[in-house]
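This is what each chain is made of:
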Amino acid sequence: MSEPHIARISVVVCVYTEDRWVDILAAVSSVRAQSLPALETLLVVDHNATLLERLTREYKETDGVRVLANAGPRGLSAGRNTGIAASRGEIIAFLDDDAVAERDWLRHFAAGYADPRVMAVGGRTMPIWASGRRPAWFPEEFDWVVGCTYKGLPQGRVQVRNVLGGNASFRRTAFDAAGGFATGIGRDGDKRPLGCEETELCIRLTRAKPDAILLIDDRAVIHHRVPEAREHFGYFRTRAYAEGLSKALVARSVGSDKGLESERRYATRVLPAGVARGLRDAVLARPGGAGRAGAIVAGVLTAAGGYVLGSVRARRGGATFSVVEIEGVPDGEGASA
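What comes next concerns the included structure. Quantities reported herein were computed from a predicted structural model and do not represent experimental measurements.

**Some points on helix H4 (residues 105–112)**
Across the eight residues that make up H4, a large majority, seven, are buried. Taken together, the buried positions of H4 are occupied by Trp 105, Leu 106, Arg 107, His 108, Phe 109, Ala 110 and Gly 112.

**Side note on unusual backbone geometry**
Positive phi values are uncommon outside glycine, yet His 47 reaches one of about 55°. Here His 47 lies in the loop between strand E2 (40–45) and helix H2 (49–58). A residue is classified by how much of its surface remains accessible, and His 47, at 40% relative accessible area, is partly exposed.

**Side note on the pairing of strand E3 (residues 65–69)**
Along any regular strand, the residues point their side chains to alternate faces of the sheet. Across the five residues that make up E3, a large majority, four, are buried. Of the strand pairs in this sheet, E2 and E3 are connected by five bridges, and their pairing is parallel. By the bridge assignment for E3, Leu 42 is matched with Arg 66. With respect to chirality, the unit in which E2 leads through H2 into the neighbouring parallel E3 is right-handed.

**Examining the packing of helix H1 (residues 21–32) against H2**
Orientation of H1 relative to H2, taken along the N-to-C sense of each, is 40°, at an axis distance of 13 Å. Between H1 and H2, the crossing angle belongs to the class labelled oblique. Of the two elements, H1 crosses H2, and the hand of that crossing is right-handed. Judged by residue contacts, Trp 21, Ile 24 and Leu 25 of H1 engage Leu 51, Arg 54, Leu 55 and Glu 58 from H2. Residues that form the contact of H1 with H2 fall into these classes: five nonpolar, no polar and two charged.

**Structural notes on the environment of Leu 68**
Looking at the secondary structure, you find Leu 68 in strand E3. For Leu 68, a relative accessible area of 5% puts it in the buried group. For the pair Leu 68 and Leu 43, spaced 25 residues apart in sequence, the C-alpha separation works out to 6.1 Å.

**Remarks on the pairing of strand E1 (residues 9–15)**
The element E1 is largely enclosed, with a buried count of seven among its seven residues. With six bridges joining them, E1 and E2 adopt parallel strand pairing. Across the sheet, Cys 14 pairs through a bridge with Val 44, a residue of E2. Assessed by its sense of winding, the connection that carries the chain from E1 through H1 to E2 is right-handed.

Rules used in this analysis
- Residues numbered from 1 in each chain as written.
- Predicted model: local features only at pLDDT ≥ 70, side-chain atom pairs only at ≥ 80, totals over all residues.
- Heavy atoms only, no water.
- Buried < 20%, exposed > 50% of the residue type's maximum accessible area, 1.4 Å probe, protein only.
- Helix = DSSP H or I, 4+ residues; strand = E, 2+ residues; numbered from the N terminus.
- Pairing = 2+ DSSP bridges.
- Right-handed = clockwise from strand over helix to strand, strands pointing away.
- Axes fitted to C-alpha atoms, helices over the stretch in contact; angles between N-to-C directions.
- Parallel < 35°, antiparallel > 145°, perpendicular 65-115°, else oblique.
- Left-handed = near helix turned anticlockwise from the far one by under 90°.
- Contact = heavy atoms within 4.5 Å.
- Nonpolar A, V, L, I, M, F, W, Y, C, P; charged D, E, K, R; others polar.

Here it is in structure tokens:
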């Protein structure tokens, strides 16, 4: 494979709990093992002094790894913004703290930026189920519930409306044009599992730069751990409801035409096909067929309920989020290793 156009990539990993200590170390190791070396890895700790101190000690002697405290409000968006501001790369990549990247992950990202119009490149995220196998009832069309690439996304290297935040990269100039991730919309530690902050950012980016191209290259693969608690229907339902709430905020901000553009195709084509497959499997006595069909229907109804309630709250001004400009952080500021 020829050398990609750009090699200066900073990788940001946002962390918040010591419960994922082993996962965090594995994530950093996977970045350090890349065939295209990262310029640096930034571990951004979300308001957890104990974890900040422990990681600082762990990587004190490790070149290319820096440990920083989240400089903004609690939550994933502010953590990412802290990493962006402190980074030195031309490209900033994001990796979940409970995921590991395949060896050519950054190389595939970098290759996408040979075209100067490309502002973001995402990849494919595969689940690692705690039980060792996918629950029979869990439909692949809803793998986004556990932070993974779902059935229905286009394959290959294709242009998309938005990339998925746990396995994504952006040009630094994208944040100059559009600002950072919106706070008040994404995840905040162990609270309700909201999302969509990357969707809102990508829509805002293409509005600021109408000629911008956003890609997904499914060769840029990471493997994402799915804990046992997320293999149950209770979490499935909670996450679907939270997605509806988040989508309502995005639609309120950018308009339903753009905010629900991809979701309409998903709801009218991908999900009905998934229900049909599940019912067919049930007729053929294949395990989980009826459960998958039922889960798809339940997921749609639950997300729709969240969307309706979120829309009402947004109209009443009870749910808001804010966008901040990214300001660079001088070298040496904050905790580092």
